[in-house]
There are 2 protein chains.
Amino acid sequence: MRESFEIRSSAGSYDVIIGAGLLGQVVKDYPNALFLVDTFFVDAIKRSGVRVVGVTASEQAKSLEHVPEVIIRLRECGANRGTHLVAIGGGVIQDVATFAASVYMRGIPWTYMPTTLLGMADSCIGGKSSINVAGYKNLVGNFYPPKHVVVDTEFANSLSAEQIVGGLFEAGKICYARGFAEFNEYLACEPTAQMNAEQIRKVVSGALRAKKWFIEVDEFDQNERLLLNFGHTFGHALEAGCDFGVSHGIAVGIGMLVAARFASERALLSAAGARRVDGLVSHARGLLRSVDGMLEPPPTIDLARVSEKFENDKKHYSERYRMVCPIRDGELELIAEPRNADTRKRILDAYRAALADIGWSSHIF
Amino acid sequence: MRESFEIRSSAGSYDVIIGAGLLGQVVKDYPNALFLVDTFFVDAIKRSGVRVVGVTASEQAKSLEHVPEVIIRLRECGANRGTHLVAIGGGVIQDVATFAASVYMRGIPWTYMPTTLLGMADSCIGGKSSINVAGYKNLVGNFYPPKHVVVDTEFANSLSAEQIVGGLFEAGKICYARGFAEFNEYLACEPTAQMNAEQIRKVVSGALRAKKWFIEVDEFDQNERLLLNFGHTFGHALEAGCDFGVSHGIAVGIGMLVAARFASERALLSAAGARRVDGLVSHARGLLRSVDGMLEPPPTIDLARVSEKFENDKKHYSERYRMVCPIRDGELELIAEPRNADTRKRILDAYRAALADIGWSSHIF
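Asker: Mind showing me how you'd approach the interface of chain A and chain B here?
Answerer: Put simply, an interface is often sized by how much accessible area is lost when its parts join up. With 25 residues of chain A in contact, the opposing surface of chain B contributes 25 residues. For the pairing of chain A and chain B, the buried interface totals around 2,000 Å² over both sides, and the portion due to carbon and sulfur atoms is 72%. On the chain A side of the interface with chain B, the three residues burying the most area are Arg106(A), Tyr136(A) and Leu139(A), jointly 29% of the side's total. The interface formed by chain A and chain B includes zero salt bridges. In this assembly, chain A and chain B are joined by eight residue pairs in polar contact (both at pLDDT 80 or more). Sorting the residues of the side of chain A that touches chain B by element identifies α3 (67–76), α4 (91–103) and β8 (136–140) of chain A as the ones contributing at least two each. The element best represented in the side of chain A that touches chain B is α3(A), accounting for six residues.

Pasting the structure below:
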């Protein structure tokens, strides 16, 4: 089964196509395209006979210092104003392709094929590029959507259980943020680390359609779209506080549990809200437990450092911590809490309780 | 006297203000701005007490390899999403500022103050950035207009006669391309290398208002705006063919003379057209003669190399040379001439005749 829909943006509309085995079609449709590909897939793509530029997916690769190398390779491959670029890979490849395509000869058309579940279900649309400069992470970037986003769900076969679960957290988060009906549809796909192709297609489709609403109603991250940061303020602090020993997706999953625990302890939820949040929490807990033994090396979490990272998050106001939490009947809101010792204790307690809840107490040191 | 008008672009409108002594006003209006300044003006600007980042105006400075250095300096000066950037300088500074402002934290607002006459009368509006990568000139770039273009005509006091004349050629070209009335208004300013402030303001104003028409009617260089390449195909070949021993503005001036001569020899002009073109030619000739003795070192022109550069211009079709020439009653058109020995001889003859006309025969070797 194959489906498609359109995303409207100020830079023009672009379409999203979701299905299994679409790579062959793209190669057939763009025989003269230049393929910018995660080195992991280079051999497979080269066999199709198309021109391929490989990029290693690393933090260094998505740096402004590294972009000239990619530009030069495009030029050496003979790319001109009319060349179509097809990017195949995860977030790093998407960042590099967005940036390179936008500036090469002042902009060339491109197509993006995400290869991670996180890319398929979330970042492939509305995606701005984030590029590192020297030691500064994501200091520069821009917005230059592809002409087409082609989600070939077969790429999911290359993913580990941890990568699948990480992607599911972002997918579930978007659906939850969109509304209870959307989240229930998501749960009805029975999302686990061992989904079949049809389940993956359904999860990806539901999450992207939910995200489409957010990015069309608030393209520039001013209002509704901020709710998609659910799990991220707590998650980013966790990720950074343990030197990225926990992957982004997993950290977001735990971040949602921390937010839920904080909301509950702060008595922000009605009885109905608590029940709805429970649905999210037990799903996230199940996913986390299903991959716990697989994390290599096991994460080691220094809560003092996590706390420090949370403190330094630039999104807070000087007098208020800001974070997205479920409130009232379970709907999300960007709340602002007093920046004092009391709140800090509540936050730390929420981290401890959430980690205990998934059996990770032994990972805290 | 001070005047202002608005430019409409797909990236939003921006305004242009022209007057003498506007720098002081900008410093007062943006005390917290970060000033990105040609090193030539750094000391003068620093005296105002604002934060200044100096950039040396060189081909190397406008390279993708050099951009990270500028970004890092913006970051070290504490620039954030809300920081206003004020760029002061010529073409290189405009290129660097356009690019850096567009990507820094995904885009910060900026103001541009051109310091060359070419910048004031032409490139400060509709300006895309052009950035070098490795050995490839202008391989990348983008479009990110400033919020305000502030033309302080007092910067013209820092310019040499050659720089003034170079700017006048671009200004005259734009006015000629716009129409005979506009070109006559331009001539009525009595533009020479020794203009007073009021003359400069009038020339800049007339040229920018004429250019405004072109960039609003054809923002993306598809039709009318291509006529602004008048003098450029012949001029670029001349510039490159003598290793940039002739400045861009002067080369464009000579390029217009070559185009006029080609059109006349090819019998493309009516009697009325020939008279109109004569008005342009005698003005350009006068300007060139007024600076001839000042060019240091005197240019040395290898016509075989110029011819080779003309041949390799990517704007030609495989079977046709393409160039903007005055035709019929003197109006400009992008013409396509057979790519054969006959045309090549005509072109070379036109170069020789135009150079003889300005007394530069002795510069040919």
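Asker: Would you explain the side chain of Glu3(B) in this entry?
Answerer: Residues and elements named next belong to chain B. Locating glutamate 3 in the fold gives a position in strand β1 (residues 3–7). Residue glutamate 3 is classed as buried on the basis of its relative accessible area of 12%. A distance of 3.1 Å separates polar atoms of two side chains, one belonging to glutamate 3 and the other to arginine 201. Polar side-chain contacts of glutamate 3 include one of 2.6 Å to the side chain of arginine 209.

Asker: What exactly am I supposed to notice about the packing of helix α6 (residues 161–178) of chain B against helix α7 (residues 180–188) of chain B here?
Answerer: Packed helix pairs are specified by the crossing angle of their axes together with the interaxial distance, meaning the distance between the axes. All names here are of chain B. Relative orientation of the contacting elements α6 and α7 amounts to 150°, with a least axis distance of 5 Å. Our pair here, α6 against α7, has a crossing hand that is right-handed. Across from Leu168, Ala171, Gly172, Cys175, Tyr176 and Arg178 in α6, the residues of α7 making contact are Phe180, Glu182, Phe183 and Tyr186. Residue composition of the contact of α6 with α7, grouped by class: seven nonpolar, one polar and two charged.

Asker: Would you mind showing me how to read the environment of Leu187(A) here?
Answerer: Examined against the element boundaries, Leu187(A) turns out to sit in helix α7 (residues 180–188). Along the sequence, Leu187(A) and Lys212(A) sit 25 residues apart, while their C-alpha atoms lie 19 Å from each other.

Asker: How should the relation of the copies chain A and chain B be read in this particular structure?
Answerer: What relates the pair of chain copies is a rotation about an axis plus a shift along that axis. The two copies are related by a screw motion: chain A maps onto chain B through a turn of 180° and a shift of 0.1 Å along the axis, at an RMSD of 0.1 Å. Both chain copies can therefore be described as sitting about a two-fold axis. Nearest to the rotation axis, the C-alpha of Glu65(A) is located 3.3 Å from it, this being the minimum over chain A.

Asker: Looking at this model, I keep getting lost on the packing of aromatic side chains. Mind explaining?
Answerer: The way to describe two aromatic rings as a pair is by their centre distance and the angle between their planes. Under the defined criterion, the tally for this structure stands at 27 aromatic pairs over all chains. With centroids separated by 5.0 Å and ring planes inclined at 85°, the aromatic side chains of Phe40(A) and Phe41(A) adopt a geometry described as edge-to-face. By relative accessible area, Phe40(A) is classed as exposed at 61%. Pairing Phe183(B) with Tyr186(B) gives two aromatic rings, centres 5.7 Å apart and planes at 25°, and the pair type is stacked. On the criterion of helical spacing, the pair formed by Phe183(B) and Tyr186(B) is a turn pair, its members being three residues apart in helix α7. Among the residues examined, Phe183(B) registers a relative accessible area of 4% and is labelled buried. Take Tyr186(B): its relative accessible area is 2%, and that puts it in the buried class. Ring pairs connect the aromatic residues Tyr176(A), Phe180(A), Phe183(A), Tyr186(A) and Phe230(A), which therefore count as one cluster. The aromatic ring of Phe180(A) is capped on one face by Arg276(A), whose charged end is 3.9 Å from the ring centroid.

Asker: Where do I start with the sheet that holds strand β3 (residues 34–38) of chain B in this structure?
Answerer: Strand pairing in a sheet is mediated by backbone hydrogen bonds. Such pairs are either parallel or antiparallel. Residues and elements named next belong to chain B. Spatial strand order, β1-β2-β9-β6-β5-β3-β4: seven strands in an open sheet with mixed pairing. Sheet topology places β1 and β4 (51–55) at the edges, where each strand pairs with a single neighbour. For this sheet, the mean inter-axis angle between neighbouring strands, taken without regard to orientation, is 20°. Here strand β5 (residues 85–89) runs beside strand β6 (residues 110–114); their pairing, made up of five bridges, is parallel.

Asker: Looking at this model, I keep getting lost on the domain arrangement of chain A. Mind explaining?
Answerer: Residues and elements named next belong to chain A. Along its sequence, chain A is organised into domain 1 (3–160) and domain 2 (172–363). With centres defined by C-alpha atoms, the gap from domain 1 to domain 2 works out at 28 Å. Across the interface of domain 1 and domain 2, roughly 1,900 Å² is buried in total on both sides, 62% from carbon and sulfur atoms. Summed over the shared surface of domain 1 and domain 2, the number is six salt bridges. Salt-bridge contacts for aspartate 122 lead to lysine 211; the nearest nitrogen and oxygen are separated by 2.7 Å. Where domain 1 meets domain 2, there are 11 residue pairs in polar contact (both at pLDDT 80 or more). Those elements giving two or more residues to the side of domain 1 that touches domain 2 turn out to be β1 (3–7), β2 (14–19) and α5 (117–123).

Asker: Would you mind showing me how to read the sheet that holds β2(A) here?
Answerer: Residue and element names in this part refer to chain A. Taken together, the seven strands give an open sheet; going across it, the order is β1-β2-β9-β6-β5-β3-β4, and neighbouring strands pair in mixed fashion. With partners counted over all chains shown, the strands left at the sheet margins are β1 and β4 (51–55), one partner each. Across the sheet, the mean angle from the axis of one strand to that of its neighbour is 20°, orientation sign disregarded.

Asker: Hey, could you run me through the packing of α6(B) against helix α10 (residues 248–265) of chain B in this one?
Answerer: All names here are of chain B. At their nearest, the axes of α6 and α10 sit 7 Å apart, and the two run at 45° to each other. One way to sum up the angle between α6 and α10 is to call them oblique. Seen from above, α6 lies across α10 with left-handed handedness. Contacts between α6 and α10 pair Glu162, Val165, Gly166, Phe169, Glu170 and Lys173 from the former with His248, Gly249, Ile250, Val252, Gly253 and Met256 from the latter. For the contact of α6 with α10, a count of residues per class yields five nonpolar, four polar and three charged.

Asker: What's the story with the pairing of β2(A) in this structure? I'm lost.
Answerer: In summary, the side chains of a regular strand alternate between the two faces of the sheet. Residue and element names in this part refer to chain A. Two strands pair when backbone bridges link them, and β1 and β2 are joined in this way by five bridges, in the antiparallel orientation. Bridging across to β2, glutamate 3 finds its partner in isoleucine 18. Judged from the five bridges that link them, β2 and strand β9 (residues 148–152) form a sheet pairing that is parallel. Pairing of aspartate 15 across the sheet is with histidine 148, part of β9.

Asker: So what exactly am I meant to see when it comes to a positive patch on the surface here?
Answerer: Where like charges cluster on the molecular surface, the positive patch consists of Arg81(A), Arg106(A), Lys314(B) and Lys315(B). For Lys315(B), the location among the structural elements is in the loop between α12 (303–311) and β10 (320–327). For Lys315(B), a relative accessible area of 37% corresponds to the partly exposed category.

Analysis parameters
Residues numbered from 1 in each chain as written. Chains lettered and ligands numbered in written order. Predicted model: local features only at pLDDT ≥ 70, side-chain atom pairs only at ≥ 80, totals over all residues. Heavy atoms only, no water. Contact = heavy atoms within 4.5 Å. Buried area = accessible area lost by both parts, 1.4 Å probe. Salt bridge = Lys/Arg side-chain N within 4 Å of Asp/Glu carboxyl O. Polar contact = N/O pair within 3.5 Å; in protein donor to acceptor, adjacent residues only side chain to side chain. Helix = DSSP H or I, 4+ residues; strand = E, 2+ residues; numbered from the N terminus. Buried < 20%, exposed > 50% of the residue type's maximum accessible area, 1.4 Å probe, protein only. Axes fitted to C-alpha atoms, helices over the stretch in contact; angles between N-to-C directions. Left-handed = near helix turned anticlockwise from the far one by under 90°. Nonpolar A, V, L, I, M, F, W, Y, C, P; charged D, E, K, R; others polar. Least-squares fit on C-alpha atoms with pLDDT ≥ 70 in both. Phe/Tyr/Trp six-rings, centres within 6.5 Å; stacked < 30°, edge-to-face > 60°. Lys NZ or Arg CZ within 6 Å of the ring centre and 35° of its normal. Pairing = 2+ DSSP bridges. Domains from an automatic or database assignment. Parallel < 35°, antiparallel > 145°, perpendicular 65-115°, else oblique. Patch = residues over 30% accessible without salt bridge, like charges linked within 9 Å, V, L, I, M, F, W, Y side chains within 5 Å. Areas by Shrake-Rupley, 256 points an atom, 1.4 Å probe, with all protein chains shown as cover. Lys, Arg positive; Asp, Glu negative; His and termini not counted. Charge placed at Lys NZ, Arg CZ, Asp CG, Glu CD.

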